[in-house]
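Residues per chain are reported as follows:
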Amino acid sequence: AQSVTQLGSHVSVSEGALVLLRCNYSSSVPPYLFWYVQYPNQGLQLLLKYTSAATLVKGINGFEAEFKKSETSFHLTKPSAHMSDAAEYFCAVSSSSGGYNKLIFGAGTRLAVHP
Amino acid sequence: DGGITQSPKYLFRKEGQNVTLSCEQNLNHDAMYWYRQDPGQGLRLIYYSQIVNDFQKGDIAEGYSVSREKKESFPLTVTSAQKNPTAFYLCASSKQPYQPQHFGDGTRLSIL
């Protein structure tokens with residue numbers, strides 16, 4: 001069965017520092033992978049997606065993620081954190097069972113950015 | 001602009017009462033989903049529907065019911081059998097499974 005593990009429920013960085021949010025997945029088939037961002041009391045917004053094309057995926061707001069099959073990882077990075085990046089981030093992997101398809105979400109990582 | 005509309009934004013339920021959360025989309029998406037979000041637990045799938053008049057239980061369907069009579073609408077009923085309904089509920093849709101999901105802004109349900 002597919003699953004997602006996000007390492008670190010809380011990450012804190014200084015403004016201007018590198019952001020690294022970790023995601024490892026388990027999948028028996030080539031996965032589709034996604035990163036979403038959630039601001040307080042709002043829904044989730046898609047940051048980027050991997051669908052078996054280029055392994056380095058660029059998303060919105062300067063974020064990117066690299067698919068590493070050998071490490072079963074899909075970590076999210078941003079070279080320089082901005083105060084507006086403070087939010088909760090979710091990694092998700094596609095899942096198929098009995099002909100029905102859905103996404104499996106990780107538990108989320110809350111990113112804090114301090115001056 | 002196309003999107004997903006969830007209503008109401010805040011909802012209160014009395015003991016023994018059923019309540020229905022609305023989810024409407026005008027994105028012409030085939031698949032729709034309901035998630036429950038609790039602090040520190042991420043998103044847990046309640047029900048999902050890949051086409052009209054068909055839906056499947058997710059990981060935590062007990063105490064919930066849905067219908068999918070129209071492509072645009074996927075209402076969720078929280079029944080009195082759901083003993084701990086206080087949570088943030090999110091509705092999502094996608095053109096097809098495996099494609100990115102678009103989310104509404106959620107409904108926060110509390111118990112009176």
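What you see is a predicted model, and the numbers here were worked out from it, not measured in a lab.

Reading the values: the criteria
- Residues numbered from 1 in each chain as written.
- Chains lettered and ligands numbered in written order.
- Predicted model: local features only at pLDDT ≥ 70, side-chain atom pairs only at ≥ 80, totals over all residues.
- Heavy atoms only, no water.
- Contact = heavy atoms within 4.5 Å.
- Buried area = accessible area lost by both parts, 1.4 Å probe.
- Salt bridge = Lys/Arg side-chain N within 4 Å of Asp/Glu carboxyl O.
- Polar contact = N/O pair within 3.5 Å; in protein donor to acceptor, adjacent residues only side chain to side chain.
- Helix = DSSP H or I, 4+ residues; strand = E, 2+ residues; numbered from the N terminus.
- Nonpolar A, V, L, I, M, F, W, Y, C, P; charged D, E, K, R; others polar.
- Buried < 20%, exposed > 50% of the residue type's maximum accessible area, 1.4 Å probe, protein only.
- Pairing = 2+ DSSP bridges.
- Patch = residues over 30% accessible without salt bridge, like charges linked within 9 Å, V, L, I, M, F, W, Y side chains within 5 Å.
- Areas by Shrake-Rupley, 256 points an atom, 1.4 Å probe, with all protein chains shown as cover.

A. How the structure looks around the interface of chain A and chain B. Contact with chain A, which involves 22 residues of that partner, is made by 25 residues of chain B. With both sides pooled, the region where chain A packs onto chain B buries about 2000 Å², and carbon together with sulfur makes up 57% of that total. Summed over the shared surface of chain A and chain B, the number is 1 salt bridge. Asp59(B) serves as the salt-bridge partner of Lys102(A), at 4.0 Å between the closest nitrogen and oxygen. Inspection of the region where chain A meets chain B yields 3 residue pairs in polar contact (both at pLDDT 80 or more). Among the elements of the structure, β4 (33–38), β5 (44–50), β9 (87–97) and β10 (100–105) of chain A are those that each provide at least two residues to the side of chain A that touches chain B. With 5 residues, the single largest contributor to the side of chain A that touches chain B is β10(A). Looking at the side of chain A that touches chain B, its residues break down into 10 nonpolar, 10 polar and 2 charged.

B. Geometry of the pairing of β10(A). Residue and element names in this part refer to chain A. In terms of burial, β10 is a largely internal element, 5 of the 6 residues being buried. Where β9 meets β10, 6 bridges bridge the pair, whose relative direction is antiparallel. Within β10, the residue paired with Ser 96 across the bridge is Asn 101.

C. Local environment of a nonpolar patch on the surface. Taken together, Tyr10(B), Phe12(B) and Leu112(B) make up a surface patch of nonpolar side chains, about 370 Å² in accessible area. Tracing the chain through its elements places Tyr10(B) in strand β2 (residues 10–13).

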